[in-house]
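Working through the structure, step by step
The lines below spell out each chain.
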Amino acid sequence: MWLAAAAPSLARRLLFLGPPPPPLLLLLLSRSSRRRRRLHSLGLAAMPEKRPFERLPADVSPINYSLCLKPDLLDFTFEGKLEAAAQVRQATNQIVMNCADIDIITASYAPEGDEEIHATGFNYQNEDEKVTLSFPSILQTGTGTLKIDFVGELNDKMKGFYRSKYTTPSGEVRYAAVTQFEATDARRAFPCWDEPAIKATFDISLIVPKDRVALSNMNVIDRKPYPDDENVVEVKFARTPVMSTYLVAFVVGEYDFVETRSKDGVCVRVYTPVGKAEQGKFALEVAAKTLPFYKDYFNVPYPLPKIDLIAIADFAAGAMENWGLVTYRETALLIDPKNSCSSSRQWVALVVGHELAHQWFGNLVTMEWWTHLWLNEGFASWIEYLCVDHCFPEYDIWTQFVSADYTRAQELDALDNSHPIEVSVGHPSEVDEIFDAISYSKGASVIRMLHDYIGDKDFKKGMNMYLTKFQQKNAATEDLWESLENASGKPIAAVMNTWTKQMGFPLIYVEAEQVEDDRLLRLSQRKFCASGPYVGEDCPQWMVPITISTSEDPNLAKLKILMDKPEMSVVLKNVKPDQWVKLNLGTVGFYRTQYSSAMLESLLPGIRDLSLPPVDRLGLQNDLFSLARAGIISTVEVLKVMEAFVNEPNYTVWSDLSCNLGILSTLLSHTDFYEEIQEFVKDVFSPIGERLGWDPKPGEGHLDALLRGLVLGKLGKAGHKATLEEARRRFKDHVEGKQILSADLRSPVYLTVLKHGDGTTLDIMLKLHKQADMQEEKNRIERVLGATPSPELIQKVLTFALSEEVRPQDTVSVIGGVAGGSKHGRKAAWKFIKDNWEELYNRYQGGFLISRLIKLSVEGFAVDKMAGEVKAFFESHPAPSAERTIQQCCENILLNAAWLKRDAESIHQYLLQRKASPATA
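Along each chain, residues carry numbers from 1 onward, in the same order as the chain's sequence is written. Under the rules for a predicted model, residues below a pLDDT of 70 receive no local features and side-chain atom pairs below 80 are neither given nor counted, while totals for whole chains, interfaces and linings still include all residues. Hydrogens are left out, water is left out, and the side-chain values use all remaining heavy atoms of the structure.

Per an unreviewed UniProt entry, the recorded name for the protein chain is Aminopeptidase, and the organism is Equus przewalskii. The Subcellular location (unreviewed entry) field of the UniProt record for the protein chain holds the comment "Membrane". The heading Sequence similarities (unreviewed entry) in the UniProt record of the protein chain holds the text "Belongs to the peptidase M1 family." UniProt positions are given in the numbering used here, feature names are shortened, and annotations may be inferred rather than shown by experiment.

In structure tokens form, the structure reads like this:
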């Protein structure tokens, strides 16, 4: 499953970098201890106790589900008939299954060759989402058939078997019936053994209106008139391979499609809203290239005869990897050649790559239990980049990985309220909590580090061994380590257990000494904490693959070592005194580096003259920003380094820089010198803005388009006069139809005119939103509405967020945009959430969107008492699946407050000094 992207302004990066000089260390230790005491006093330092939970008993299990469903697209109900071939392993008089929001009408069990036994009672355990079927006599060991007739609701919660609203080309509102079962919602569509390790085959039939498209995991094998109604047909699908319930899917609705065959002969289709088949062509092209790539990489063929990719109007996640029928948000699948921006193309390519990777890694071989979810998601989140790099080398996608995933994971994993990659999961409400940046982005980052440590050849060999051994079965993390260990001969389990079984990551502190013609490096590792140096008694240790490069060849590792102890020394042979030395070539190792002053000084010119590779420039800047955030160095030192990026040409380096300046801007919105940091932003970004200009030049490509949008948006938001004037001019021409804005310029222009606009500007934007035929354009507008400046207009935007005009899954980004737009917006968004909590919570039913909403809305606060207020609100308004997110948000608020107290005055003085003597800038 791909989670929809969080707002780009979301504060990411929280890092700390190693043992500073002793007097400062003592000061920081005491400060860090005070912060931790404050966390404890607010009750934020430990997660609440887990709810009691038991997995299903093993005495009865399914072999095959024969499932027939008849959805009513007008009354929003469905009827179901289940005939499950089952195995009674241990004699019993009851069968326990998962069941939620379903009413069972009749149930019976017929042992093979014997008479049917009717169930005499259905005991629903709603809290645990189970039902116990009681029988009047003992069911003996052996096989038999379990029959259940049931009814359910096509709900509006975007989970289980649910309804999705769409508008026909003629303007009529209709509903499709669609599914989303991961993690634990197949039980809302039919009674089942809804655990990933309880696999079976499925024979699915759908009884649907004859003018509707009906799809499921497999190909259609029969379509015949339904005896009771000439307007209805029964559609039967081929039997599936052995698979988990969470990967079952069915869709009933109105769609067009485009199709092709991959070079391996697999039928690939992309289903789109009616009249938009053209918009499926880009995803079709990506999918057709991706299937053979994975087949070759894993050396295992795709096991089904077809794969469908379908755009669903109302969809909570970004996409879902149902075997053979992958469901997507419209914005994650549809590309309009004229109206889609470059970042949308890239997103579609990544999401398609992610979901198709799951067809092998997750679907063919499935995690044994949700504890190993990271294995599914972390792996797919890594290999999607490998796939996109293969299909679109011009995207420079691995540099973008560092900014999008690696640093995002380290932000979260630096907190006291993080969690290990492998989390013990019990109750269903706990599963949604671990669909987060640790499972996805840290998981992907440690697999990237592992791939680099093993080498591509042995990694591929190990993957093939793993997939071949466990196909159509379940596996745990240890099984993958064993296969990779056998392929590489390296101590994979010993190394990786330090990364998956304990939370956090190390800071590597390094200092150097020239010894004749060699360079002696002394390395030490400590756990990195966002609140300052680690102060616990037993400091965790990691086995860290470390690469070291020098200015002799910045793209080559001069030395590779495995750091398996707290301290070690290494000697680099033949390194001249004037050469720099850098750790973590390519920013691949999942750790932060703190250099001695002398080592850092020698590296900084490599930023200005671009002799450091882009991903290393990015990593160095990000490390320094993290040091400042944790209070190890002054933020002023980082601002000075940021000014060295004046010659920077790389989009991703600018993106990371922009993100960190965004975090700083949000922090300083709590002061009375917010305008001064905007002047700094304008100074940093205007040279690159002038070089790029507004219009594409001959020979430019994908990354230039991304960079132009980023830079103009940053300058426009900060109020850069020339950018603002040009944005207003182009916006006026766009609205009047004289000159339509290119898709890549729309976000920055919309943001700029709204940020410096009035009620008329907002009304025009809302009109554009209403007129937009494409969901990408609607989302583009929704994400920037929160930039509007006045309190009255902000209220108007918040009211709009809950209106019928905004799809349920997109309400979150509208409210999040308000919270990230200004100091007033943050307060207004938090009040709005409190005032409308019941409606919002009911809408998302505790899924991961509720966590996203909370995070986007409160994380920008920087006053201690707000942490207490947030905690108190959620104590009286529980959100079980967001408990960890709430803890993390409160911790971040306290960290922001500490950062502000510590550095605000020195930042202010520095900005004033720059203004007074611009020549030094």
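1. A look at the overall build of the protein chain
For the protein chain, the count of helices and strands is 28 helices and 29 strands. Since a compact globule built from 921 residues should have a radius of gyration of about 29 Å, the 28 Å found for the protein chain is in line with a globular shape. On the principal axes, the C-alpha backbone points of the protein chain span a range of 90 × 65 × 55 Å. To sort residues, take the accessible area from a 1.4 Å probe on protein chains only and compare it with the maximum for the residue type: under 20% means buried, over 50% means exposed, and anything in between is partly exposed. Relative to its full complement of 921 residues, the protein chain shows a buried share of 64%. Labels follow the DSSP assignment, with helices taken as runs of H or I lasting at least four residues and strands as runs of E lasting at least two, numbered in each case from the N terminus. In this description the radius of gyration comes from C-alpha coordinates, and the expected globular size is given by 2.2 Å times residues to the power 0.38.

2. Notes on helix α20 (residues 759-771)
One less than the number of residues in a helix, times 1.5 Å, gives the span that helix is expected to have. The terminal C-alpha atoms of α20 lie 18 Å apart, and with 13 residues this matches the ideal 18 Å at 1.5 Å per residue to within 8%. Within the span of α20, buried status applies to Thr 761, Leu 762, Met 765, Leu 766, Leu 768 and His 769. Take α20 and look down its axis: the buried residues cluster within an arc of 155°, on one side only. Facing away from the buried side of α20 by over 90 degrees, the exposed positions are Thr 760, Lys 767, Lys 770 and Gln 771. Contacts: residue pairs with any heavy atoms within 4.5 Å of one another. Looking at the buried residues of α20, the elements they touch are α18 (721-735), α19 (743-755), α21 (775-784) and α22 (791-801). Polar contact is defined as a pair of N or O atoms within 3.5 Å, subject to the rule that within protein one atom must be able to donate a hydrogen and the other to accept it, and that residues adjacent in sequence are counted only when both atoms are side-chain atoms. Backbone nitrogen of Thr 760 and a side-chain oxygen of the N-cap are separated by 3.1 Å at the start of α20; the cap is Asp 758. Directions pointing from the helix axis toward each C-beta atom define the arc.

3. A short note on the packing of aromatic side chains
Only centres within 6.5 Å qualify two rings of Phe, Tyr or Trp (six-membered ring in Trp) as a pair; their planes then separate them into stacked at under 30 degrees, edge-to-face at over 60, and tilted for everything else. Following the criterion strictly, the structure yields 46 aromatic pairs and no others. The interplanar angle of 70° and the centroid separation of 5.3 Å between the aromatic rings of Phe 505 and Phe 590 together place this pair among those described as edge-to-face. Pair noted here: Phe 505 is in the loop between α10 (492-500) and β23 (506-515) and Phe 590 is in the loop between β28 (581-583) and β29 (592-595), with a separation of 85 residues, a long-range link. With relative accessibility at 0%, the residue Phe 505 sits in the buried group. By definition, being over a ring means that NZ of Lys or CZ of Arg is both within 6 Å of the ring centre and within 35 degrees of the ring normal. Lying across the ring of Phe 282, Arg 345 places its NZ or CZ 5.5 Å from the centre.

4. Points about the sheet that holds strand β24 (residues 518-527)
Taken together, 4 strands build an open sheet; the order of strands is β27-β24-β23-β29 and the sheet is mixed. At either margin of the open sheet sits one strand with a lone partner, and together these are β27 (567-572) and β29. When strand polarity is set aside, the average angle formed by the axes of neighbouring strands in this sheet is 25°. Here β23 pairs with β24 via 10 bridges, running antiparallel. By definition, two strands form a pair when at least two bridges between them are found by DSSP. All axes here are fitted lines through C-alpha atoms, helices being fitted over the stretch that makes contact, and every angle between N-to-C directions spans 0 to 180 degrees.

5. Remarks on the pairing of strand β3 (residues 92-98)
Of all 7 residues that make up β3, 5 are buried, and the element is covered over most of its length. Pairing of β3 with strand β7 (residues 130-139) involves 6 bridges; the strand directions are antiparallel. Note that in β7 the partner of Ile 95 across the bridge is Leu 133.

6. Quick notes on the UniProt feature "domain: Aminopeptidase N-like N-terminal" (unreviewed entry) in the protein chain
Per the UniProt record, "domain: Aminopeptidase N-like N-terminal" (unreviewed entry) is found at residues 62-247. The span residues 62-247 is 0% helix and 61% strand, and its two end C-alpha atoms sit 16 Å from each other.

7. Concerning the sheet that holds strand β16 (residues 256-261)
Across the sheet, which stays open at both edges, the 5 strands sit in the order β16-β17-β18-β20-β19 with mixed pairing between neighbours. Looking at the sheet topology across the chains shown, the edges are occupied by β16 and β19 (319-320). In this fold helix α3 (residues 342-358) packs onto β18 (306-312), β19 and β20 (325-329), with an angle of close to 150° to the strand it touches most, β20.

8. A word on the environment of Glu 537
Mapping Glu 537 onto the fold places it in the loop between β24 and β25 (544-550). Between the alpha carbons of Glu 537 and Phe 874 there is a distance of 32 Å; along the sequence they are 337 residues apart.

9. Here we look at unusual backbone geometry
Between Glu 182 and the following residue, Ala 183, the backbone shows a cis peptide bond with an omega angle of 10°. Relative to the helices and strands, Ala 183 resides in the loop between β10 (173-180) and β11 (201-209). The residue Asp 101 is not glycine, and still its phi comes out positive at about 55°. Residue classification places Asp 101 among the exposed positions, given a relative accessible area of 61%.

10. Some words on the pattern of salt bridges
Oppositely charged side chains can form a pair if their charged atoms are brought close together. One speaks of a salt bridge when a side-chain nitrogen belonging to Lys or Arg is within 4 Å of a carboxyl oxygen belonging to Asp or Glu. With the rule as written, the count across this model stands at 58 salt bridges. Of the charged contacts, one joins Asp 623 and Arg 592 as a salt bridge, the two residues approaching to 2.4 Å between their closest N and O atoms. Residue Asp 623 is found in helix α13 (residues 614-629), and its partner Arg 592 is found in strand β29; the two are separated by 31 residues along the sequence. Pair check on accessibility: Asp 623 and Arg 592 agree, each one buried. Among the charged side chains, a network of salt bridges with common partners joins Asp 101, Glu 129, Asp 185, Arg 187, Arg 188 and Asp 194.

11. Points about the packing of helix α7 (residues 438-454) against α10
One way to put it is that α7 packs onto α10 with a least axis distance of 11 Å and a crossing angle of 155°. As the angle between them shows, α7 and α10 are arranged roughly antiparallel. When you trace α7 past α10, the crossing you get is right-handed. Residue-level inspection shows Lys 442, Val 446, Met 449, Leu 450, Tyr 453 and Ile 454 of α7 in contact with α10, the latter providing Ile 492, Val 495, Met 496 and Trp 499. Considering only residue class, the contact of α7 with α10 consists of 9 nonpolar, no polar and 1 charged. An angle below 35 degrees is read as roughly parallel, one above 145 as roughly antiparallel, one from 65 to 115 as roughly perpendicular, and any other as oblique. Here a crossing is taken to be left-handed if its near helix is turned anticlockwise relative to the far helix by less than a right angle, and right-handed if that turn runs clockwise. For this scheme, ten residues count as nonpolar: Ala, Val, Leu, Ile, Met, Phe, Trp, Tyr, Cys and Pro. Four count as charged, namely Asp, Glu, Lys and Arg, and the remainder, Gly too, count as polar.

12. Observations regarding the confidence of the model for the protein chain
Values of pLDDT, which run from 0 to 100, indicate the predictor's confidence residue by residue. Chain-level pLDDT for the protein chain is 91 on average; 94% of the residues reach the 70-or-more range. Contacts of residues 5-41 to residues separated by more than four positions or lying in other chains number 117 contacts, the stretch itself having pLDDT below 50.

13. Remarks on the environment of Ser 851
Along the polypeptide, Ser 851 turns up in helix α26 (residues 848-858). Spatially, the C-alpha atom of Ser 851 lies 6.1 Å from that of Thr 885, the residues being 34 residues apart in sequence. Here Ser 851 is in contact with Ser 881, Ala 882 and Thr 885, once residues within four sequence places are set aside.

14. A few points about the packing of α7 against helix α8 (residues 456-470)
Here α7 crosses α8 at 115°, and the two axes come no closer than 6 Å. Considered as vectors, α7 and α8 are oriented roughly perpendicular to each other. Contact residues: Ile 447, Leu 450, His 451 and Ile 454 in α7; Asp 456, Asp 458 and Phe 459 in α8. Within the contact of α7 with α8, the residues separate by chemical class into 4 nonpolar, 1 polar and 2 charged.

15. Here we look at the side chain of Asp 623
Of the residues examined, Asp 623 reaches a relative accessible area of 9% and is grouped as buried. A distance of 2.4 Å separates the side chain of Asp 623 from the side chain of Arg 592, its partner in a polar contact.

16. Re the state of the cysteines
The disulfide criterion used throughout: a pair of cysteine sulfur atoms within 2.5 Å. The tally for this structure, following the rule as stated, stands at 0 disulfides. With no disulfide of its own, Cys 99 lies 8.4 Å from the sulfur of Cys 192, the closest cysteine sulfur. Given a relative accessible area of 3%, Cys 99 falls into the buried group. Here Cys 267 is not cross-linked by a disulfide; its sulfur's nearest cysteine counterpart is in Cys 391, at 19 Å.

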